[in-house]
Amino acid sequence: MYTARDAGRFCKGYPSSERHTMIAILKESASDEAVSHIVSWIEKKGLKTDVSRGENETIIGLVGDTTKIDPFLLESMDVVERVQRVSEPFKRANRKFHPEDSVIDCGHGVKIGGDQFQVIAGPCSVEGENLIRIARRVKAAGATMLRGGAYKPRTSPYAYQGMGPAGLDLLCEASAELDMPIVTEIMDPRDVQVFLDKKIDVMQIGARNAQNFPLLKEVGKTKTPILLKRGMSGTIDELLMAAEYIMSEGNDSVILCERGIRTFETSMRNTLDLAGVVMLHKMTHLPVVVDPSHACGHAWMVPELAKAAVAAGADGLMIEVHNNPAKAKCDGAQSLTPDQFDELMQFIGKEVEFFGKKMN
Ligand code: PEP
Ligand code: MN
């Protein structure tokens, strides 16, 4: 068990307001009534609680100024097994708060996390009527979610910026025809209402916005699942703190995405950090998806990286597919053709099963 002194030692470097985090692990016998009694006792002291009722144990996470709580008093309560200090600054995303994997409902009966694996596929950007043709092909190949950007974060302001709301409409039409959820990027907090009005299933926060805190807070106020990409040079801690921004506003439906990070290597667009996927699974209960397309930038590499990601324990894949990569408005060099995607999916289906997971 950590003592208050240990907590201080372990968290050197974190601001003091973030040092004081605690979890109370309850006895297996704790009744619902006992849990709500402790929760209201804690909340009356001005703290927030996060209750995770698992199969084997119930954990109450205490968020706020835990100096107001006497850990020994809390531990002396009948139903409390033990009280532990949590040294990491991320709380709601922390596996210590929530030992079981989170399963996120993306709509259309598609869930991700735990033993549920999903494949998100589609073009980099929505370009027009080819979207529905690509969507039909990826669905037939086994993809369970459709991707496509209507708002594109481009390095150059002169490059294709996306179709905007008309692109969202095309995605919604494809979603309705194929009964599959869509994942599409939101770049501006002022667009949240448009995404809500159009009932977008999953909002993506791209790598370039991974630390756009006003945007993270705004999507955190919704109930829409968020696919949060790791920043270009983002550390694992920074990714988890970005997730914390969303979750602290009340939205627990966060899916993390490893999409490659910038390193000294120049032969690939980025460096795919599969070790990071393994580390994330230890640190957080949130599902982790791997995007091999943006990680390497070369279509020919995508299948091998996708297979490696499944073996590393990813909960899903995000893969760019285009009917004519040479003519794609964006990211053609890393896009698979529908035939190549089909071939890859035949392997992925078997591999996912081998690792004991299910795809919709
Ligand atoms: C994308 O998914 O099209 C995209 C722009 O990805 P990233 O933010 O990872 O670069
Ligand atoms: Mn892209």
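Residues numbered from 1 in each chain as written. Chains lettered and ligands numbered in written order. Predicted model: local features only at pLDDT ≥ 70, side-chain atom pairs only at ≥ 80, totals over all residues. Heavy atoms only, no water.

## Things to note about the coordination of the manganese ion (ligand 2)
Rules: Each metal's donors are the N, O and S atoms within 2.8 Å of it, or within 3.2 Å when it is Na, K or Ca, and because water is not part of the set, sites may look incomplete. Put simply, DSSP H or I for four residues or longer makes a helix, DSSP E for two residues or longer makes a strand, and each gets a number counted from the N terminus. Three exposure classes are used, based on accessible area relative to the maximum for each residue type with a 1.4 Å probe and protein chains only: buried under 20%, partly exposed in between, and exposed over 50%.
Binding of the manganese ion (ligand 2) to the protein goes through C124 (SG), H294 (NE2), E320 (OE) and D331 (OD), at separations of 2.0 to 2.4 Å. For the manganese ion (ligand 2), the single-chain donor residues occur in sequence as C-x169-H-x25-E-x10-D. In this pair, C124 is assigned in the loop between β7 (116-122) and α5 (130-141) and E320 in strand β14 (residues 316-320), connecting sequence segments 196 residues apart. Taken as a pair, C124 and E320 share a single burial class, namely buried.

## Some thoughts on the pattern of salt bridges
Put simply, the rule reads: The term salt bridge refers to a side-chain nitrogen of Lys or Arg lying within 4 Å of a carboxyl oxygen of Asp or Glu.
Tallied over the entire structure, the rule returns 18 salt bridges. Ionic pairing is found between R269 and D331, a salt bridge with its closest N-O pair at 3.1 Å. On the criterion of sequence distance, the pair formed by R269 in the loop between β12 (254-258) and α10 (274-283) and D331 in the loop between β14 and α13 (338-354) is long-range, its members being 62 residues apart. In this structure R269 comes out as partly exposed when scored by relative accessible area, which is 35%. Each of R230, E258 and D273 takes part in one network of salt bridges that share partners.

## Description of the site of ligand 1
To be explicit about the condition: If a single non-hydrogen atom of a residue is within 4 Å of a molecule or strand, that residue counts as near it. Counting of polar contacts relies on pairs of N or O atoms within 3.5 Å, with two restrictions inside protein: one atom must be capable of donating a hydrogen and the other of accepting it, and residues adjacent in sequence are counted only when both atoms are side-chain atoms. Every accessible area reported is derived by Shrake-Rupley at a probe size of 1.4 Å, with residue values counting cover from the shown protein chains alone. When residues are sorted by character, Ala, Val, Leu, Ile, Met, Phe, Trp, Tyr, Cys and Pro go into the nonpolar class, Asp, Glu, Lys and Arg into the charged class, and all the rest, Gly among them, into the polar class.
Around ligand 1 sit 13 residues in total, of which R147, K152, A207, R208 and R259 are the nearest. A distance of 2.8 Å separates an oxygen atom of ligand 1 from a polar side-chain atom of K152. In the model, an oxygen atom of ligand 1 is placed 2.9 Å from a nitrogen or oxygen of the K229 side chain. Considered on its own, ligand 1 offers 300 Å² of accessible surface; in the complex 97% of this is hidden by protein. When the residues that make up the shell around ligand 1 are grouped by side-chain class, the tally is three nonpolar, three polar and seven charged.

## Brief notes about the side chain of S335
To be explicit about the condition: Two residues qualify as a contact provided that any one of their heavy atoms is within 4.5 Å of a heavy atom in the partner residue.
Residue position: S335 is located in the loop between β14 and α13. Within the structure, the side chain of S335 is placed 2.8 Å from the backbone oxygen of D331, a separation counted as a polar contact. Leaving out residues up to four positions away in the same chain, S335 has contacts with A299, E320, V321, H322, P325 and Q340.

## Points about the confidence of the model for the protein
Under the convention used in this document: Each residue carries a pLDDT score, the predictor's own confidence in it, on a scale running from 0 to 100.
Residues of the protein with pLDDT of at least 70 account for 94%, and the chain-wide mean is 93. Across residues 1-19, where pLDDT falls below 50, the model places 20 contacts with residues more than four positions away in sequence or in other chains.

## Observations regarding a negative patch on the surface
Counted only if it meets this: Exposure above 30% relative accessible area and no salt bridge define the residues that can form patches, which grow by joining like charges within 9 Å and nonpolar side chains of Val, Leu, Ile, Met, Phe, Trp and Tyr within 5 Å. Neither His nor the chain ends is counted toward charge; the positive residues are Lys and Arg and the negative residues Asp and Glu. To locate a charge, take NZ of a lysine, CZ of an arginine, CG of an aspartate or CD of a glutamate.
Residues E28, E55, E57, E81 and E100 make up a contiguous surface patch of negative charge. In this structure, E100 sits in the loop between β4 (80-86) and β5 (104-105).

## Some remarks on the packing of aromatic side chains
Selection rule: Between 30 and 60 degrees the pair is tilted, below 30 it is stacked and above 60 it is edge-to-face, where a pair is any two Phe, Tyr or Trp rings, Trp via its six-membered ring, whose centres lie within 6.5 Å. Placement of a positive charge over a ring is assigned whenever Lys NZ or Arg CZ falls within 6 Å of the ring centre and within 35 degrees of the normal to the ring plane.
Scanning the model with the defined rule gives three aromatic pairs in all. Ring centres 5.8 Å apart and planes at 35 degrees place the aromatic pair Y151 and F195 in the tilted group. On the criterion of sequence distance, the pair formed by Y151 in the loop between β8 (145-147) and α6 (165-178) and F195 in helix α7 (residues 192-197) is long-range, its members being 44 residues apart. The residues Y151 and F195 share a single accessibility class, namely buried. Summarising the aromatic geometry, the rings of F354 and F355 are spaced 5.2 Å apart at their centres and angled 90 degrees between planes, so their arrangement reads as edge-to-face. Classification of F354 by relative accessible area gives exposed; the value is 67%. Looking at K307, its charged tip hangs above the ring of F347, at a distance of 4.5 Å from the centre.

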